[in-house]
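So the chains spell out like this:
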Amino acid sequence: MSHPHPELSAPPALPKGGLRVIPLGGLGEVGRNMTVFEHEDRLLVVDCGVLFPEDHHPGVDLILPDFGPIRDRLDQVEALVLTHGHEDHIGATPYLLRERGDIPLVGSELTLALLDSKLREHRLKETVHHKVKEGDRLTFGPFELEFVAVNHSIPDALAVAIRTAAGMVLHTGDFKMDQLPLDGRITDLRAFARLGEEGVDLFLTDSTNAETPGFTPAEKSITPVIDQVFRESSQRVIVACFASHVHRVQQVLDAAYAHERQVAYVGRSMVRNMAIARDLGYLKVPPGTLVDTKDLADLPPERQVLISTGSQGEPMSALSRIAQRNHHFVHIEEGDTVLLASSLIPGNENAVYRVINGLARWGARVVHKGNALVHVSGHASAGELLYCYNIVKPRNVLPVHGEMRHMLANRDLALATGVENVVVAEDGVVVDLVNGVASVAGKVECGYVFVDGSSVGDITESDLKDRRILGEEGFISVIVVVDSVSGKVSGGPEIHARGNALDGASFDEVKQPIIDALDRAIAEGNTDSYQLQQTVRRVIGRWVSGTHRRRPMIIPVVIEA
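Residues numbered from 1 in each chain as written. Predicted model: local features only at pLDDT ≥ 70, side-chain atom pairs only at ≥ 80, totals over all residues. Heavy atoms only, no water.

1. A short note on the sheet that holds strand β26 (residues 553–560)
The test is simple: We call two strands paired when DSSP finds no fewer than two bridges between them. Under the DSSP-based scheme used, a helix requires at least four consecutive residues in state H or I and a strand at least two consecutive residues in state E, with every element numbered from the N terminus. All axes here are fitted lines through C-alpha atoms, helices being fitted over the stretch that makes contact, and every angle between N-to-C directions spans 0 to 180 degrees. In what follows, residue pairs with any heavy atoms lying within 4.5 Å of each other are defined as contacts.
Overall, mixed pairing links the 3 strands, which are arranged β25-β24-β26 in an open sheet. At either margin of the open sheet sits one strand with a lone partner, and together these are β25 (489–498) and β26. Pairs of neighbouring strands in the sheet enclose a mean axial angle of 10°, with direction left out of account. Pairing between strand β24 (residues 475–482) and β25: 7 bridges, direction antiparallel. Residue pairing for β25: S477 is matched across the bridge by H496. Strands β24 and β25 of the sheet are contacted by helix α15 (residues 508–523), whose axis makes an angle of about 130° with β25. Along the sheet face, helix α16 (residues 529–548) touches β24, β25 and β26 and points at about 140° away from the line of β26.

Okay, here's the thing in structure tokens:
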């Protein structure tokens, strides 16, 4: 059993005939999934997703995988395989295609359709698409791919078996083993067993629910709960879920039809994705159920249903704006019911509860996972993972997709079934499969890449630290004028503060110490403006820390006149 260590150095050259696995996202976090496979100097990429920012990423829109380790080798990429259409698996693809626009894309019909709408938004040219389904086989360079049906919280999800001269890899993608799926498409355990009999040398398994005992409940188990919400609601029903959760939207449409209500979508991504799913036949809309949002307003409240984005409390989402009563046409009224039909992604708890409190303040009844069974996970629980290990019988296991606690729990499950070699790695930790044995070979630099407006990768951790300081402590600016002839302070200090409780009078006692410190520095020959600014920063920094116990950002300006 191997573990990542911070002292790991860059990996040596891949031994001849070996297979290298380079995770660039998704190991040690839930999101930003991207794994690179290297064999015979060729590369295969599986998934290319985004991570959504948390409170400690102020101003950041998205977080991408770091393409740095393969940037100078993009011409060696044979294909990008996309296991399913969730943002944490496809969302970063446009940014990768900006760097090499002709990478072949491989995925299921729905996955590629959802991706195509994103590529159009980014104004990227259409690339070579390979539309695949379960049972299909394709070869790209030294990689022979076979696709296996898996069940997830979005239709058309696929696992992928990668055959190479170094051995076979089975990558589950995100999956569970729902035996009663809404679309009738179950995880193909017969294919898993067949691949296991052939010999799986490295098994990459979804770790998200490895800590959860038993089996993940079926999607159908929440249908009675949704029906009850509709039955008990005397006014409008607003349902918030992921814009890609076709199964959940199907359940809401069916419930609305049964209770003689009509439905409208709210949120650009919801409208776009559900139109794609309907056009491709993955979403069945009951006759007369779906209407435009403008037409919905003409109906009485007891016949209205809105399906909205924003189940994770995203600040600019439709539901957040509804909760703040600044949505342009949806206004919460006393007696409305809001159903949050999704799980909480780690890190989003505060944002979600702010939205819940905002909705409740205006008199809405809010039904969520904390008080009703309104969501089931799309990931395999411990019982399902054990089942898979027993039928696949892999030689080596690399847990993927999860925080460290999830991956360690997944490791323990694999070991309990008799797997002898489990490699626990994190983003950037390189794993080599050589002579049938997987082991850690080294580490590549692999950080966060922040998207901030039109900027990609320009924002650094230092910039975010400055933003956090500004948000938590505010700032103080100090302007001092120094006579270029006499070297004496001839103007100021003029001190201003924002974002804290300090006012102009607060700084009277520190002005003279600033002047005295500057006089001493100039007398000692320190006439460089940068050195004088640092002198000002030190004096006022010590003062505000000692007097007010604050550490704001300090912006000193020394002007020679």
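2. What to know about the packing of helix α5 (residues 189–198) against helix α12 (residues 382–392)
Between two packed helices, both the angle of their axes relative to each other and the distance between the axes serve to describe the pair. We apply this condition: By the definition adopted for this analysis, an angle is roughly parallel if under 35 degrees, roughly antiparallel if over 145, roughly perpendicular if from 65 to 115, and oblique otherwise. Charged means Asp, Glu, Lys or Arg here, nonpolar means Ala, Val, Leu, Ile, Met, Phe, Trp, Tyr, Cys or Pro, and polar covers whatever is left, Gly included.
Two elements in contact, α5 and α12, have axes separated by 7 Å at closest approach and are oriented at 40°. Considering the angle they form, α5 stands oblique to α12. In contact with L189, F192, A193 and G196 of α5, α12 contributes Y387, C388, I391 and V392. Grouping the amino acids of the contact of α5 with α12 by side-chain chemistry returns 7 nonpolar, 1 polar and no charged.

3. What about unusual backbone geometry?
In this structure, H401 takes a positive phi of about 55° despite not being glycine. Mapped onto the elements of the fold, H401 is located in the loop between β18 (396–400) and α13 (404–416). If you check the backbone angles, N435 has positive phi at about 55° while not being a glycine. Tracing the sequence through the fold places N435 in the loop between β20 (429–434) and β21 (437–443).

4. Considering a nonpolar patch on the surface
Note the threshold: What goes into a patch is any residue over 30% in relative accessible area without a salt bridge, connected to like charges within 9 Å or, for nonpolar side chains (Val, Leu, Ile, Met, Phe, Trp, Tyr), within 5 Å. Per-residue and other accessible areas were derived by the Shrake-Rupley procedure at a 1.4 Å probe size, with only the shown protein chains allowed to occlude residues. Note on definitions: salt bridges are taken to be side-chain nitrogens of Lys or Arg within 4 Å of carboxyl oxygens of Asp or Glu.
A cluster of nonpolar residues, I479, I555, V557 and I559, forms a patch on the protein surface that exposes about 270 Å² of accessible area. It is β26 that provides the largest number of residues to the nonpolar patch, a total of 3 residues. When you line up the elements, I479 lands in strand β24.

5. What to know about the packing of aromatic side chains
The line we're drawing: The pairing test for Phe, Tyr and Trp rings, Trp by its six-membered ring, is centres within 6.5 Å, and the orientation test on the planes gives stacked under 30 degrees, edge-to-face over 60, and tilted for anything in between. Whether a residue is buried, partly exposed or exposed follows from its accessible area with a 1.4 Å probe, protein chains only, as a fraction of its type maximum: under 20%, in between, or over 50%, in that order.
One pass over the structure, following the stated rule, counts 2 aromatic pairs. Where F203 meets Y389, the ring centres are 5.8 Å apart and the plane angle is 85°; that geometry is what we call edge-to-face. Note that F203 is positioned in strand β12 (residues 202–206) and Y389 in helix α12, a separation of 186 residues in sequence. Residue classification places F203 among the buried positions, given a relative accessible area of 0%.

6. Some details on α16
Residues lying three or four places apart along an α-helix face the same way, a consequence of the helix completing one turn every 3.6 residues. This is how it is decided: What a helix should span is 1.5 Å times the count of its residues minus one.
Counted at 1.5 Å a residue, the expected span for α16 with its 20 residues is 28 Å, and the 28 Å between its end C-alpha atoms agrees. Where α16 is concerned, the buried positions are L532, Q533, T535, V536, V539, I540, G541, W543 and V544. Where α16 is buried, its residues meet β24, β25, α15 and β26. Just downstream of α16, R549 is the residue with a positive phi angle, here 55°.

7. What to know about the sheet that holds strand β9 (residues 143–149)
What the 7 strands build is an open sheet, ordered β8-β9-β10-β11-β12-β18-β19; its pairing is mixed. Either end of the sheet is taken by a strand with one partner, and the two such strands are β8 (137–140) and β19 (421–422).

8. A few points about the packing of helix α4 (residues 109–121) against helix α8 (residues 268–279)
Just so we agree on the cut-off: Two helices crossing with the near one rotated counterclockwise from the far one by less than a right angle form a left-handed crossing, whereas a clockwise rotation gives a right-handed crossing.
For the pair α4 and α8, interaxial distance at closest approach is 10 Å and the crossing angle is 140°. The pairing of α4 with α8 is recorded here as oblique in orientation. At the point where α4 passes α8, the crossing takes the right-handed sense. On α8, the residues touching L110, A113, L114, S117 and E121 of α4 are R268, R272, N273, I276 and A277.

9. Overview of the state of the cysteines
This is how the line gets drawn: A pair of sulfur atoms, both from cysteines and within 2.5 Å, is called a disulfide here.
Enumeration over the complete set of coordinates arrives at 0 disulfides. Cysteine C446 remains unbridged, with the sulfur of C48 as its closest cysteine sulfur at 12 Å.

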